[in-house]
Amino acid sequence: MYKNIVFDVDGTLINTEASILKGLQQVLLEEKGETYSDADLRFVLGIPGVYSIPKLNFKHPERALEKWSAAMRSHSEVNEVYDGILNLIHSLKKEKFKLGIVTSRRDDECSHDPLFQDIKEHFDFIVTADKTEKHKPDGEPLEYYMNQTNACPSDTLYIGDSIYDSSCAKNAGVDFMLAGWGTHDAENIPHKDLLSHPYELMKYIMR
C-alpha cells in the first residue's frame, strides 16, 4: 500500500514544455546563430540544465544556462497547471497520503515560477536539483526524499513523464507510473501503469 505519492514537476504537474523549448531556441539563436526544431530539443525535458546544456556545445555553457533560465521566464505566460492536477492533489490530501516532489529544477527556478509557488504548499517535502549531487536518471533524488521522510521503496510511488523519471524510480527501487498527459514517448518508457488523466491515479491507489 502506497503512503507516499511523489511527483515530477515539468510535464507532470505543470505544462512547461513550450517555455522550455522556446527559451532554449532563443538562446541557441543568440549564442550560436542556429535554429533548432522542438523535436531536436525534446531530449532536454526532464533533466537538469547542467546536464543538457553541454550536449549543445555552447562556447560559454554557464552563460547559456543563465540566459536559458531568463528566456524561459520570459515565455512563462504559456505555462499552466495540467487540468485535473489540483483536484487530484486535494483528493490525495483528503485520503492522508504524504505528497512529495522530486524535480530536476533548481531552487531558483522554482522560486521564480508563480505556478509552482501556488501549488507547493500542498506538498510535504520537495527535492530540487540543488539537494543532491547526482540527478535523474540516477536514483539519488528519490533516495534523498525517502531518507528525509522515513519512507521506503515499497510504500512510495513516483509519477513522471520522461525516461529520466522512469529510470530514477527504477534505480531507487520505487514503482513508477507514467503521466500520459505530459509524455511524448509512452511506448518506450518503462512504467507500472500509464495514466491518461491525473484522476485515474485514485482508482489504482484506492483499490
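Right, let's walk through the structure included here. (Residues numbered from 1 in each chain as written. Predicted model: local features only at pLDDT ≥ 70, side-chain atom pairs only at ≥ 80, totals over all residues. Heavy atoms only, no water.)

1. Notes on the overall build of the protein chain
At step 1: Looking only at helices and strands, the protein chain features ten helices and eight strands.
At step 2: Here the C-alpha atoms of the protein chain give a radius of gyration of 17 Å, agreeing with the 17 Å that 2.2 N^0.38 yields for 207 residues.
At step 3: Principal-axis analysis of the C-alpha atoms places the extent of the protein chain at approximately 55 × 35 × 30 Å.
At step 4: Burial status across the protein chain gives 51% buried among its 207 residues. (Helix = DSSP H or I, 4+ residues; strand = E, 2+ residues; numbered from the N terminus. Rg over C-alpha atoms; globule rule 2.2 N^0.38 Å. Buried < 20%, exposed > 50% of the residue type's maximum accessible area, 1.4 Å probe, protein only.)

2. Describing the pattern of salt bridges
At step 1: Summed over the entire model, instances satisfying the criterion amount to 13 salt bridges.
At step 2: Of the charged contacts in the structure, one is a salt bridge between K136 and D165, with a shortest N-O distance of 2.7 Å. Of the two residues, K136 is situated in the loop between β5 (125-127) and α8 (140-149) and D165 in helix α9 (residues 163-172); the sequence distance between them amounts to 29 residues. With respect to burial, K136 and D165 carry one shared label: buried. (Salt bridge = Lys/Arg side-chain N within 4 Å of Asp/Glu carboxyl O.)

3. Digging into the nonpolar core
At step 1: Counting residues in hydrophobic clusters, the biggest one holds 28 residues, and the most contacted among them are I5, F7, L13, L92, I159, L201 and I205.
At step 2: Within the residue set of this core, elements represented by two or more residues are β1 (4-7), α5 (85-94), β4 (98-102), α7 (114-119), β6 (156-160), β7 (175-179) and α10 (200-205).
At step 3: Setting aside residues no more than four positions away along its own chain, I159 makes contact with I5, V6, F7, D8, T12, F176, M177, A179, L195 and L201. (Core = buried A, V, L, I, M, F, W, Y, C linked by side-chain atoms within 4.5 Å. Contact = heavy atoms within 4.5 Å.)

4. Things to note about the sheet that holds strand β8 (residues 193-195)
At step 1: Strand order in the open sheet formed by six strands is β5-β4-β1-β6-β7-β8, and the pairing between neighbours is parallel. Bordering the open sheet on either side are β5 and β8, each of which pairs with just one other strand. Averaged over all pairs of adjacent strands, the angle between strand axes in this sheet comes to 25 degrees, irrespective of strand direction.
At step 2: Bridge count between β4 and β5: three bridges; the pairing is parallel. Paired with I101 across the two strands is I126, which belongs to β5.
At step 3: Taken strand by strand, α9 contacts β6 and β7, and its axis lies near 170 degrees from that of β7. (Pairing = 2+ DSSP bridges. Axes fitted to C-alpha atoms, helices over the stretch in contact; angles between N-to-C directions.)

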